[in-house]
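Coordinates in review
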Amino acid sequence: MSKKIRVVVAKPGLDGHDRGAKIIARALRDAGMEVIYTGLHQTPEQIVETVIQEDADAVGLSILSGAHMTLVPRIVELLKAQDIDDVLVTVGGTIPADDIPELKELGVAEVFTPGAPTQDIVEFMRANASTRRN
Amino acid sequence: MAAHTKTPAPQPTLEGWQEAYDATPERDVSFTTLSGEPIRPLYTEADLPPADAIGLPGQYPFTRGVYPSMYRGRLFTMRQFAGFGTAEETNERFRYLLDHGQTGLSTAFDMPSLMGHDSDHPLSLGEVGREGVAVDTVDDMQTLFQGIDLGDVTVSMTINAPAAIMLAYYVVAAERAGVPADKLGGTIQADILKEYIAQKEWCFPIDPAMRLLGDMVEWSTEQMPRWNSVSISGYHIREAGATAAQELAFTLKDGLTYVEQAVERGLDVDDFAPRLSFFFNAQIDFFEEIAKYRAARRIWARELKETFGAKNPKSWLMRFHTQTAGVSLTAQQPLNNIVRTAIEALAGVLGGTQSLHTNSYDEALALPTEEAVRIALRTQQIIAHETGVTNTIDPLGGSYFVEALTDKMEAQAYEYFAKIDELGGMVQAVKQNYPQREIADASYELQGEIDHERRIIVGVNRYTEGDDAQTPILRIDPALERKQVASLQGVRARRDAAAVEATLTELKRVAAGGGNLMPPLIDAARAFTSEGEIVHALQEVWGDYRETPVF
């Protein structure tokens, strides 16, 4: 039997918009993954700490505050500093199209914007998180 | 030969209609509201409540509106919520809106301000001025309203956990401009229960947060007769994924809890209830929303009159602000959002709102551009001046369908009230995550319907072609964050540090003991004590808050 995918769903930043994060967390859980939801208002340091402690295969960052170009690079940098290169990083939220190439350049595997079907996110996780480590 | 006799036309009967209806195939969709309530094909006279449940506008139980003349006397206030960057940028946007015919101001604060962090706090990095205006000290508050007569315009401030601090800043800023507190008109949101339920911007644990709110309500009841001390808000509850009935029930229950607390503190219900106001969402399911507002007025009037024994008819009035649903806006084909917003705004107006905010079409992408804001405001002006809907009061009153929905919504709210009472009241229910869980379930269910295309969202899961145009979006200059941090540090360098320390010591003393926190907060504002310093001082006494999230 294959190991269950472990996903950290994280809410960096100060905004309280957690509808999306909770829907995604539940959808991933319903799809058979192990989901750890960090709760709100997490610092990049706290998120990376959770990823390490939970031995996660993927981390989904939900950001609707407009601070993604500050927070995502910081989280990616902290992961790199810990020599973590096998954790799939995805971002969801109100991310303007112009910012997406730069986020991908940083190492973000995919950016899901408002209206993305939950199933697409589940499938993306399944296809990409599980194949990374064995 | 007998004279030509006309066969009498068959009397129309419900049975006859039903037969004819059943002979016609229905479309293969689920006929439910956005909240999942099943809707019958037809409503008739039999669905009407007794005439006194509908009543007349300006009369108990106010189903048809809180004022006898409604929009024939005075149109709804067009109040667009705005705020970004530093106080200077937002002040410019305020003046722009006033110049374009807006009649009231509404302030959006940035996330650090909402959470009680100063702009130079490590957690504020990247968030300063992003989703609202940054206010760190009374200086920023003064800049925010520079050149605007605060004795004339009404100002709404959307801030909750640190509401008492912002009110202190506002009072002191006005005082410096020569306007005394008793001349200030407006509203501060200060609805702390819905923060724990839905909006999730908190500073303190629930019990001390309720006390701080109580102090502010008591103080403003005595000192600010034109001020609405709490704007009890369903907006964020709905945005978090609640159904219409949940929005209605949780919001009213929050409001009733505040009334209960104020009465327990010894205030006369008729001294403060007339100053409570409400804030609801306007979602896209047109009639469901209208029914929600009508039910809300009736429930509030009954509870205040019957349960709390309020004698002043003004205490029975549920006056409310409406904002169209941010969550209904799509990032795809954003111009379609203009249409959604217009329909939602019309529901608010037909529901008898006192003031209205219409969202801008680009808000699923970023904060709105000036052009998008202008179209949103124009939408309200078109409803007010072109459509004719303001010519008569409650034009949908007596509609079989709307009255039936109103009754149903009311019954559902009372079912929720009973469940919450079983849990020990709203504060206990929130501590037990009850409303949070109900909302999470409803939101997950709706998303499932959209994902499986049982619910169609135009441009998202159907009719998706034609989304290639680039929408210009507002970019917040990152330099504004540095500018705000520099300005805060300038205030810190200029002020009397010993005086600041003294105000913080006094605050902690009152927080730990009894007494009203508003006077020491006003002293702290006068001494240029920053928001973050005040919040941290209070957290030393009260602690902070961590939620156990449910999903």
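Above this note sits the structure.
The following paragraphs examine the structure supplied in this document. Every value quoted in this text rests on a predicted model; they were computed, and no experiment measured them.

**Describing the overall build of chain A**
When its secondary structure is counted, chain A shows five helices and five strands. Helices and strands appear in chain A in the N-to-C order β-α-β-α-β-α-β-α-β-α. For 134 residues, the compact-globule estimate of 2.2 N^0.38 gives 14 Å, and the C-alpha radius of gyration of chain A, at 13 Å, lies within 12% of that figure. Taking the principal axes of its C-alpha atoms as reference, chain A extends roughly 40 × 35 × 25 Å. For chain A, with 134 residues in total, the buried portion stands at 51%. Contacts spanning at least 24 positions in sequence make up 74% of the contacts within chain A whose residues lie at least 6 apart.

**As for the overall build of chain B**
Each helix and strand counted, chain B has 22 helices and 10 strands in total. For chain B, the C-alpha radius of gyration of 25 Å lies close to 24 Å, the compact-globule estimate for 551 residues. The buried share of chain B, taken over its 551 residues, is 52%. Taking all contacts inside chain B whose residues are at least 6 apart in sequence as the whole, residues at least 24 apart take part in 77%.

**Quick notes on the packing of helix α11 (residues 244–264) of chain B against helix α16 (residues 400–422) of chain B**
All names here are of chain B. Here α11 crosses α16 at 55°, and the two axes come no closer than 9 Å. Comparing their axes, α16 and α11 come out oblique. Of the two elements, α11 crosses α16, and the hand of that crossing is right-handed. Facing Ala-244, Ala-245, Leu-248, Ala-249, Leu-252 and Lys-253 of α11, the residues of α16 in contact are Met-409, Gln-412, Ala-413, Tyr-416, Phe-417 and Ile-420. Looking at the contact of α11 with α16 residue by residue, the classes come out as 10 nonpolar, one polar and one charged.

**A word on the nonpolar core**
Counting residues in hydrophobic clusters, the biggest one holds 191 residues, and the most contacted among them are A:Val7, B:Ala168 and B:Tyr169. Of the residues forming this core, the biggest block, 12 residues, is contributed by helix α7 (residues 163–176) of chain B. Shared between two domains, this core holds at least three residues of each, these being domain 1 (59–451) and domain 2 (479–542) of chain B. In contact with B:Tyr169, not counting residues within four places along its chain, are B:Val135, B:Val138, B:Met141 and B:Ala525.

**Structural notes on the environment of B:Lys408**
Here B:Lys408 is to be found in helix α16. Sequence-wise, B:Lys408 and B:Arg211 are 197 residues apart; in three dimensions their C-alpha atoms are separated by 35 Å.

**Looking at unusual backbone geometry**
Here the residue pair B:Tyr60 and B:Pro61 is connected by a cis peptide bond, since its omega of 0° sits within 30 degrees of zero. In this structure, B:Pro61 sits in the loop between α2 (51–54) and α3 (70–73). Of note, the phi angle at A:His41 is positive, near 60°, even though the residue is not glycine. Of note, A:His41 is situated in the loop between β2 (34–37) and α2 (44–53). Judged by local crowding, A:His41 falls into the buried class, with 21 C-beta atoms found within 10 Å. Residues other than glycine seldom take positive phi values, yet B:Phe62 does so here, at roughly 65°. Mapped onto the secondary structure, B:Phe62 falls in the loop between α2 and α3.

**Section: the sheet that holds strand β10 (residues 355–357) of chain B**
All names here are of chain B. With parallel pairing, five strands are arranged side by side in an open sheet as β1-β10-β9-β8-β7. Every interior strand has two partners, whereas the edge strands, β1 (77–78) and β7 (230–233), have only one. Pairing between strand β8 (residues 276–282) and strand β9 (residues 320–324): five bridges, direction parallel. Counterpart to Asn-281 in the pairing with β9 is Gln-323.

**A look at the sheet that holds strand β5 (residues 186–188) of chain B**
Residue and element names in this part refer to chain B. Read from one edge of the open sheet, five strands run β2-β3-β4-β5-β6, paired in parallel fashion. Here the strands that pair on one side only, and so sit at the sheet edges, are β2 (81–82) and β6 (227–228). Here four bridges tie strand β3 (residues 105–108) to strand β4 (residues 155–158), and the two strands are oriented parallel to one another. Within the sheet, the bridge partner assigned to Ser-106 lies in β4 and is Ser-156.

**What about the interface of chain A and chain B?**
Contacts between chain A and chain B engage 27 residues on the former and 31 residues on the latter. Considering every element that reaches the side of chain A that touches chain B, the biggest residue donor is helix α1 (residues 19–30) of chain A, with five residues. Split by residue class, the side of chain A that touches chain B holds 10 nonpolar, 12 polar and five charged.

Criteria and thresholds
Residues numbered from 1 in each chain as written. Chains lettered and ligands numbered in written order. Predicted model: local features only at pLDDT ≥ 70, side-chain atom pairs only at ≥ 80, totals over all residues. Helix = DSSP H or I, 4+ residues; strand = E, 2+ residues; numbered from the N terminus. Rg over C-alpha atoms; globule rule 2.2 N^0.38 Å. Buried ≥ 20, exposed ≤ 12 C-beta atoms within 10 Å, placed from the backbone. Contact = placed C-beta atoms within 7 Å. Axes fitted to C-alpha atoms, helices over the stretch in contact; angles between N-to-C directions. Parallel < 35°, antiparallel > 145°, perpendicular 65-115°, else oblique. Left-handed = near helix turned anticlockwise from the far one by under 90°. Nonpolar A, V, L, I, M, F, W, Y, C, P; charged D, E, K, R; others polar. Core = buried A, V, L, I, M, F, W, Y, C linked by C-beta atoms within 7 Å. Domains from an automatic or database assignment. Pairing = 2+ DSSP bridges.

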